Amino acid sequence: MAKPIPRIGSRRNGRIGSRKSARRIPKGVIHVQASFNNTIVTVTDVRGRVVSWSSAGTCGFRGTRRGTPFAAQTAAGNAIRTVVDQGMQRAEVMIKGPGLGRDAALRAIRRSGILLSFVRDVTPMPHNGCRPPKKRRV
């Protein structure tokens, strides 16, 4: 009896992991989403496909420590370490949110050795959109 032909995308023959690491990315976009509770750093290629990501929660910080600048710095370092190994030299940085980790994440990105073409603040600002919740009476 003949052997069944393995499918190209199947998990058994280990094709998925090898394809991911073989991709060379010379230029990319680093998205930093800094809320008061957490900081998420996502590295994508120019087309927007996610290459690497990290957050303060995945780095082992829990509770109120996730919103600290040090946690954001660690998360940015983890996300960038993998893409530097894949050959990224130039990047654009998009920063979103009001959190404490904005500046710390940007400092960690600058220290990594990637050339930054520009840094843009893409925090969504309402043009008098929704009515805010009523003030607290304490």
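The notes below deal with the structure included here. Remember, predicted model here, so these are calculated numbers, not experimental data. (Residues numbered from 1 in each chain as written. Predicted model: local features only at pLDDT ≥ 70, side-chain atom pairs only at ≥ 80, totals over all residues. Heavy atoms only, no water.)

### Thoughts on the overall build of the chain
Short version of the rule: Put simply, DSSP marks the helices as runs of H or I at least four residues long and the strands as runs of E at least two long, and each gets a number from the N terminus on. Classification of residues uses two cut-offs on accessible area relative to the type maximum, computed with a 1.4 Å probe and protein chains only: under 20% is buried, over 50% is exposed, and between them is partly exposed. A contact between two residues is defined here by any heavy atoms of the two lying within 4.5 Å.
For the chain, the helix and strand inventory stands at 3 helices and 5 strands. Taken over 138 residues, the chain has a buried fraction of 33%. Contacts in the chain between residues at least 24 apart in sequence constitute 62% of all its contacts with a sequence separation of at least 6.

### Here's the deal with the pattern of salt bridges
Condition: Here, a salt bridge means any side-chain nitrogen of Lys or Arg that lies within 4 Å of a carboxyl oxygen of Asp or Glu.
Evaluation of the coordinates by the stated rule reveals 3 salt bridges. Where E92 meets K27, a salt bridge forms, and the shortest distance between an N and an O atom there is 2.9 Å. Here E92 is found in strand 4 (residues 90–96), whereas its partner K27 is found in strand 1 (residues 27–34), with 65 residues between them in sequence. Residue E92 is classed as buried on the basis of its relative accessible area of 16%. Assessed through its relative accessible area of 31%, K27 is described here as partly exposed. For the salt bridge of D121 with R102, the shortest nitrogen-to-oxygen distance reads 3.5 Å. Of the two residues, D121 is situated in strand 5 (residues 115–121) and R102 in helix 3 (residues 101–111); the sequence distance between them amounts to 19 residues.

### Some words on the packing of aromatic side chains
Rules: Here is the rule: rings of Phe, Tyr and Trp (six-membered ring for Trp) pair when centre to centre is within 6.5 Å. Planes less than 30 degrees apart are stacked, more than 60 are edge-to-face, and the remainder are tilted.
By the definition in use, this model includes 1 aromatic pair. Relative to F70, the ring of F61 has its centre 5.9 Å away and its plane inclined at 85°; by these criteria the two rings are edge-to-face.

### Comments concerning the pairing of strand 1
Worth spelling out the cut-off: Strands are treated as partners if at least two bridges between them are detected by DSSP.
The sheet contact formed by strand 1 and strand 4 spans 7 bridges and is parallel. For Q33, the partnering residue across the bridge sits in strand 4 and is K96. Bridge count between strand 1 and strand 2 (residues 39–45): 7 bridges; the pairing is antiparallel. The residue bridging I30 from the neighbouring strand is V43, located in strand 2. In sequence, strand 1 turns back onto strand 2 through a hairpin of 4 residues.

### A short note on the environment of L115
Of note, L115 is situated in strand 5. The class for L115 is exposed, based on a relative accessible area of 53%. Residues L115 and M88, 27 residues apart in the sequence, show an inter-C-alpha distance of 9.2 Å. Apart from the residues within four sequence positions on either side, L115 is in contact with Q89, R90 and A91.

### Focus: the nonpolar core
Condition: Within this scheme, the nonpolar core is defined by two criteria: the residues are buried Ala, Val, Leu, Ile, Met, Phe, Trp, Tyr or Cys, and they are joined through side-chain atoms within 4.5 Å.
By size, the foremost hydrophobic cluster in this structure holds 22 residues, and its most contacted members are I30, V32, V41, M88 and I109. Considering each element in turn, this core owes the most residues, 6 residues, to helix 2 (residues 69–85). Residues in contact with V32, not counting those within four places in the same chain, are T39, I40, V41, M94, I95, K96, A105 and I109.

### Considerations on the sheet that holds strand 1
Where we set the bar: Working convention: axes come from line fits to C-alpha atoms, limited for helices to the stretch in contact. Angles between N-to-C directions cover 0 to 180 degrees.
Spatial strand order, 3-2-1-4-5: 5 strands in an open sheet with mixed pairing. Two strands in the sheet have a free side with no partner beyond their single neighbour: strand 3 (50–55) and strand 5. In this sheet, adjacent strand axes meet at a mean angle of 15° when their direction is disregarded. On the sheet, helix 2 packs against strand 1, strand 2 and strand 3 and is oriented at approximately 155° with respect to strand 3. This element, helix 3, spans strand 1, strand 2, strand 4 and strand 5 of the sheet and lies at about 165° to strand 5.

By themselves, these figures tell us nothing about what the structure is for.
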